[in-house]
Structure formats: C-alpha cells, structure tokens
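One letter stands for each residue in the lines below.
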Amino acid sequence: MNDHSTRDRATETTGGLDPRRSAGRVAAVDAARGLALVGMTAVHFLPDAYPDNDRPTLSWLLFAGDSAALFALLAGVGLAFASGGRRPRRGRDLTAVRAGTAVRALLIMLVGLTIGYLMPPDPPAVGILVYYGAFFLLALPFLGLRTRTLLACSGAFLVLGPLLIHWLVDRVPEHTDANPTFASLFTEPVAVFWQLLVTGAYPAVTYLAYLLAGLGVGRLNLKNLHVQLRLLAAGLGLAALSKLLSWLLLYAADGYNVLLYSIESLTREDLEHIIVFGAEGELPTNTLWWQVIAAPHVNTPLSVAWSLGVSLAVLAAFLLLERQFATWLLPLTAMGAMALTLYAAQLVLLSTEVHYSSPLLWFLACLVVSALVALAWRHALGRGPLERVVAGAAHATARAVADRAKPRDPGPPRTPLG
C-alpha cells in the first residue's frame, strides 16, 4: 500500500482530522523553521559582542530575539494547518483538534522539563520548550477563529502584553530556575506559572502575539503569489515602522534623556548597552519610557512588532523562494521538519558547556551535523523521532475524542416480533 492511500484511510477513520491532510505540508514553512533553528544555534553558541570593542556581533544582529519569535510564529502556522487550514474546524472536530493539541503541548513541556535537569545553575541557554508547550495550551481557545479575529488578538497581545509585564513583573513571585524542572512545579508552582506567563525569557503574554499571528497567517492561501507578496510587504513595513518609531521616541521626543536620568546609577554606557543588547533580566519599571526600546528580548511593544515583522518577512521570503529554489532549500527544510529533535539535542549538548572553548567550531559542527542527520533521517525514516512520538500521541488523542463524539449507530429498526 502506498503512502497516499495510507493517509487517505487514516483521514477517513478520524473524521478528516489527519493534520497532514488538513492543509498540506508547506516546505517553505519547514525551511523557515530550519532557519530559526540556525538562528537559535548561533545565539546559543556564538558570543553576542566582540571582546575588543563591545560591539554586537553579526550573529547577534541577525538572530537575537528574532529566531525565537520566528519559532513561535511558525508554531501558529502549524496549528492553523492542523486545525483545518483555511477552513477552521467546528464542533466535535475542533474539540478533537484541541485535545490533540493539548497532548502535544504537554509532551513538549515534558521534554523541556526533563532537559532542565541537565542545565547548570548559570545555564548557557534558556530552553524554549516548556514555554512552547504553554503557548500551545493558551492557544486552545483561539483554534476555531478566522484570520481577521486572530490578527486582532495578536495585535492586542502585542500592545497589552508588554504593559502587563511592566505592571506585574515586580508584583509576582520570582522564579529560581531559568530552566524549570518537575521539581520546580512542586516547590514553586506559582512562581513557575508567572515565569511562563510574565517573568521568564519567553513570556506568553507577548509571545502569543507571534503565535496568533502565525495562526492567522496559516488560514491564508500561502501558495498564492499575491498573498506571499502582501505578507512580505506587511512584514517589512511593520519591522521598519517599529524601528523608526523607537528611534523617533528615543531621540526626537527626548526619551533617551528621560531614561538616562530616570535611575541615578544608570550611566550613558549602561543605557547604550540596553538599547543595543537589551537588559539582563527585565527592563526597569520606573517609567513607561522604557517601552519605546526595540532591543532583542525586552518584550516591549516595538520590540515585539520588530520581531513579528521580521518573522513575517522571513516566512514570505521562503514562500517566494520555494517557487524556484525548493531543492536548494532542502537542508533547511529537513532541519525544520525535525526541529524539535535537533533543538532538544542541541540543549543537551549546551548543558555540557564544552562549546565555551571553541564557540565558532562547535557552532559550525553543530550546523553541519544537524543538516546531515536531518537529510539522512528524512530520506530513510521520514519524521524525526521526537516529532513522531509527539505527533502520534496527539493524533491518537484527536482520533479517540472524535470517535467518542460520533453518534452511535442505533442499528436496524426492530420489528414487533424482533
């Protein structure tokens, strides 16, 4: 039996809930996810500044903050494909998709919490997997919505999420583990809750802006050239506008001087460092003027808008490139198709801290090995190992919920003598 007939029968037995048949797999989305993985690898392995002049490195300028945002955006696109694509699921089908998505989220969190035990107290990286699972759980109520509503919700999180962080970050319990573990869930459950929502490296109240935008974009006809061009223009325009507004508010509206004198111990060098690299930890909350900065990982409205615009433009660029250069994108496509496995393996490697001796060498080795393994695995076995487990459990859950929700066949009507 060939692969297509197997998929068709799977679709029939699950009420059309096979995510591969919901909207079709778009290679450009996998390629963009592969680039996000490359960016995360660069940020994790390579230094953020040159040692002689403290200026940001090229890898930092290209990938810092934006790679994580791109991951979240593409997670939303994947959720859109799994929940019906251009025609969102309804009724029991939507309930089944939500159940499968919840299982997917919990399994991804399980992987992240397990890796947390390997990380040293001062970790070389903060993994996104536990946060990623939380994003999926928080996205469940939005799975049945259409593009316009989803984009409006994304805009609301873009504006209100940073304000919630600004208001809540000093009012909620502090977490002790940058990479939470199962022990963290029991010893400080409230702090972990707020860590995932507000105070952590990837707070859900802002990252839902990326995920919901991706969910809305995934409802579009991504194969259409006009959609791709509009997506590219929108992404570039949003990114440019956010940086322009940040510059105007900082330097034309005197925001720079307000920030410089808002904290007595803050020097001009400190402020310049924050504007370029972001703050270590959360931004100060003594004035709302901090919200005009657009540095990586500061989770302000303009920084989120910048990363969202860049992510949309990257996705659109890969959709356009796929038209003529799909074969050239194959290494990135293969890496993106098993990004969960490769990213988890990368975190395990980082936890050993062996890369500190030769960061560039380890970065290049990690990229080459990842690409070769992904290409070989794709050719021989298809879906990656963690992807296979997570998708299989999610699909089985969705199928079970869909089957349970189906009305039972009462059988043939009984006769008086029957």
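For clarity, every value in this text was computed on a predicted model and none was experimentally measured.

S.K.: Hey, could you run me through the side chain of Ser83 in this one?
M.R.: Along the chain, the position of Ser83 falls in the loop between α5 (66-82) and α6 (91-116). Judged by its relative accessible area of 0%, Ser83 falls in the buried class. Only 2.7 Å separates the side chain of Ser83 from the backbone oxygen of Leu79, close enough to count as a polar contact. Those residues within four positions of Ser83 in sequence are excluded, and the remaining contacts are Pro88, Arg89, Val97, Leu143, Leu215 and Arg219.

S.K.: It is not clear to me how the packing of aromatic side chains should be interpreted in this structure. Could you clarify?
M.R.: The geometry of an aromatic ring pair is captured by the separation of the ring centres together with the interplanar angle, meaning the angle of the planes. In total, this model carries twelve aromatic pairs according to the counting rule given. The interplanar angle of 25 degrees and the centroid separation of 6.3 Å between the aromatic rings of Tyr117 and Phe182 together place this pair among those described as stacked. Residue Tyr117 is located in the loop between α6 and α7 (129-139), and its partner Phe182 is located in helix α9 (residues 182-187); the two are separated by 65 residues in the primary sequence. Tyr117 sits in the partly exposed class, given a relative accessible area of 47%. Phe182 sits in the partly exposed class, given a relative accessible area of 28%. Measuring from ring centre to ring centre gives 5.9 Å for Trp247 and Tyr251, while their planes differ by 45 degrees; the resulting arrangement is tilted. Note that Trp247 and Tyr251 are positioned in helix α12 (residues 225-252) at a spacing of four residues, about one turn of the helix. Residue class for Tyr251 comes out partly exposed when judged on its relative accessible area of 39%. Clustering of aromatic rings is evident, with ring pairs tying together Tyr131, Phe135, Tyr202, Tyr207 and Tyr210.

S.K.: Please clarify how the packing of α12 against helix α15 (residues 301-325) should be interpreted in this entry.
M.R.: What describes two packed helices is the angle between their axes and the distance between those same axes. Packing of α12 against α15 brings their axes to within 7 Å, and their N-to-C directions diverge by 155 degrees. The pairing of α12 with α15 is recorded here as roughly antiparallel in orientation. Along this stretch, α12 crosses α15, giving a crossing that reads as left-handed. Split by residue class, the contact of α12 with α15 holds 21 nonpolar, five polar and two charged.

S.K.: What am I meant to see in the pattern of salt bridges here?
M.R.: Oppositely charged side chains can form a pair if their charged atoms are brought close together. On inspection of all chains with the given rule, the structure shows two salt bridges. Among the ionic pairs, Asp30 bridges to Arg33, the shortest N-O distance being 2.8 Å. One end of the pair, Asp30, and the other, Arg33, are both in helix α3 (residues 27-45), three residues apart, so they sit about a helical turn from each other. Under the relative-accessibility criterion, Asp30 is labelled buried at 4%.

S.K.: Sorry if this is basic, but what is going on with the environment of Lys243 here?
M.R.: Inspection of the secondary structure puts Lys243 in helix α12. Considering only alpha carbons, one finds Lys243 and Leu212, 31 residues apart in sequence, at a separation of 22 Å. For Lys243, the contacting residues outside a window of four places in its chain are Ala294 and Trp306. Within the structure, the side chain of Lys243 is placed 3.2 Å from the backbone oxygen of Ala294, a separation counted as a polar contact.

The rules behind these values
Residues numbered from 1 in each chain as written. Predicted model: local features only at pLDDT ≥ 70, side-chain atom pairs only at ≥ 80, totals over all residues. Heavy atoms only, no water. Helix = DSSP H or I, 4+ residues; strand = E, 2+ residues; numbered from the N terminus. Buried < 20%, exposed > 50% of the residue type's maximum accessible area, 1.4 Å probe, protein only. Polar contact = N/O pair within 3.5 Å; in protein donor to acceptor, adjacent residues only side chain to side chain. Contact = heavy atoms within 4.5 Å. Phe/Tyr/Trp six-rings, centres within 6.5 Å; stacked < 30°, edge-to-face > 60°. Axes fitted to C-alpha atoms, helices over the stretch in contact; angles between N-to-C directions. Parallel < 35°, antiparallel > 145°, perpendicular 65-115°, else oblique. Left-handed = near helix turned anticlockwise from the far one by under 90°. Nonpolar A, V, L, I, M, F, W, Y, C, P; charged D, E, K, R; others polar. Salt bridge = Lys/Arg side-chain N within 4 Å of Asp/Glu carboxyl O.

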